[in-house]
Amino acid sequence: MSRIGKLPVVIPAGVKIDLKEGNLLTVEGPKGKLTRKLSSDMNIAQEDGQLKITRPNDLKRFKALHGLTRTLINNMVVGVTQGYEKKLEINGTGYRAAKSGNKLTLTLGYSHPVEMEDPEGVTATVEGTNKIIVSGIDKEKVGQYAANIRSKREPEPYKGKGVKYETERIRRKAGKAGKK
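Residues numbered from 1 in each chain as written. Predicted model: local features only at pLDDT ≥ 70, side-chain atom pairs only at ≥ 80, totals over all residues. Heavy atoms only, no water.

From N to C terminus, the protein chain includes two helices and 13 strands. A globule of 180 residues ought to have a C-alpha radius of gyration of about 16 Å, yet the protein chain, at 21 Å, is considerably larger. Taken along the three principal axes of its C-alpha coordinates, the protein chain extends 70 × 45 × 25 Å. Per-residue burial over the protein chain gives 35% buried out of 180 residues. In the protein chain, the proportion of contacts linking residues at least 24 apart, taken out of those at least 6 apart, comes to 50%. Total accessible area on the protein chain stands at roughly 11,300 Å², and carbon and sulfur atoms take up 48% of it. Across the protein chain, the centroid of the 35 positively charged side chains sits 10 Å from that of the 20 negatively charged ones. (Helix = DSSP H or I, 4+ residues; strand = E, 2+ residues; numbered from the N terminus. Rg over C-alpha atoms; globule rule 2.2 N^0.38 Å. Buried < 20%, exposed > 50% of the residue type's maximum accessible area, 1.4 Å probe, protein only. Contact = heavy atoms within 4.5 Å. Areas by Shrake-Rupley, 256 points an atom, 1.4 Å probe, with all protein chains shown as cover. Lys, Arg positive; Asp, Glu negative; His and termini not counted. Charge placed at Lys NZ, Arg CZ, Asp CG, Glu CD.)

Structure, rendered in structure tokens:
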């Protein structure tokens, strides 16, 4: 039995769950509303403030889907109640970020500024000139937008310049060895 899949998803107060035919799940909470089509092979049952996910049999495919389905549902519930955020830092001389409207402008040492528009349901805020906080209710979209921002100038191992996650550690390398 899947260790994650067998855990029930607890539905907190203020969260409304609507399960339609074909496992079309809608989760509505204080922060917003998320809809997702889950695998129709999984059996999802709502009972006394919890969602329980079961699989039809022990085929490898169903074992893989079991934990995934439970995690996707839990991420939706957490998203509409607490939301998600990713923090990024910009390191490097002259590297900075600015926000105007829903446009994020990054100056990352290129000959031109890099402009990115916030996707629907995700907002990026700038603290100072070198911290970016990406937040939203959909974990997938928040993570993808943060990864897209990071990909504009990934941190390099010699000086550590670039865009990195706040918790990320950059493995540093020694520079060129001098002549003797």
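By size, the foremost hydrophobic cluster in this structure holds 20 residues, and its most contacted members are Ile-17, Leu-25, Val-27, Leu-51 and Ile-73. When residues of this core are traced back to their parent elements, those giving at least two are β3 (24-29), β6 (50-54) and α1 (60-81). Tallying contributions element by element places α1 first for this core, with seven residues. Setting aside residues up to four positions removed in sequence, Val-27 forms contacts with Val-15, Lys-16, Ile-17, Gly-32, Lys-33, Leu-34, Met-76, Val-77 and Val-80. Grouped together as the second largest cluster of nonpolar side chains are 19 residues, Val-122, Val-142, Tyr-145 and Ile-149 included. (Core = buried A, V, L, I, M, F, W, Y, C linked by side-chain atoms within 4.5 Å.)

This part covers the packing of aromatic side chains. For any pair of aromatic rings, the description consists of the separation of the ring centres together with the inter-plane angle of the planes. Enumeration over the complete set of coordinates arrives at zero aromatic pairs. The aromatic ring of Tyr-165 is capped on one face by Lys-86, whose charged end is 5.5 Å from the ring centroid. Over the aromatic face of Tyr-110 sits the side chain of Arg-153, whose NZ or CZ is 4.3 Å from the ring centroid. (Phe/Tyr/Trp six-rings, centres within 6.5 Å; stacked < 30°, edge-to-face > 60°. Lys NZ or Arg CZ within 6 Å of the ring centre and 35° of its normal.)

Moving on, we get to the pairing of strand β12 (residues 131-136). Bridge count between strand β7 (residues 84-91) and β12: six bridges; the pairing is antiparallel. Bridge pairing in β12 places Leu-88 opposite Ile-132. Both strand β11 (residues 122-127) and β12 contribute to a ladder of six bridges, which runs antiparallel. Counterpart to Thr-123 in the pairing with β12 is Ser-135. Counting the residues between successive antiparallel strands, the hairpin from β11 to β12 contains three residues, one of them, Gly-128, with a positive phi of roughly 65°. (Pairing = 2+ DSSP bridges.)

Spatially, β8-β9-β10 is the arrangement adopted by the three strands of the open sheet, whose pairing is antiparallel. Two strands lie at the open edges of the sheet, namely β8 (96-100) and β10 (114-117), each paired on one side alone. This sheet shows a mean twist of 20° between the axes of neighbouring strands, independent of strand direction. With five bridges joining them, β8 and strand β9 (residues 103-107) adopt antiparallel strand pairing. Note that in β9 the partner of Ala-98 across the bridge is Thr-105. (Axes fitted to C-alpha atoms, helices over the stretch in contact; angles between N-to-C directions.)

As a further point, take the pattern of salt bridges. A side chain with one charge can pair with a side chain of the opposite charge if their charged atoms come near. Per the stated rule, a full pass over the model turns up 11 salt bridges. Here Arg-55 ties to Asp-58 by a salt bridge, and the two come within 3.1 Å at their closest N and O atoms. Classification of Arg-55 by relative accessible area gives buried; the value is 12%. With relative accessibility at 55%, the residue Asp-58 sits in the exposed group. Between Lys-164 and Glu-89 there is a salt bridge, with its nearest N and O atoms 3.3 Å apart. Placement of Lys-164 in strand β13 (residues 162-165) and of Glu-89 in strand β7 is noted, with a sequence separation of 75 residues between them. The residues Lys-164 and Glu-89 share a single accessibility class, namely buried. One network of salt bridges, in which partners are shared, links Arg-150, Glu-154 and Glu-168. (Salt bridge = Lys/Arg side-chain N within 4 Å of Asp/Glu carboxyl O.)

Remember that the coordinates give geometry; whether it matters functionally is a separate question.
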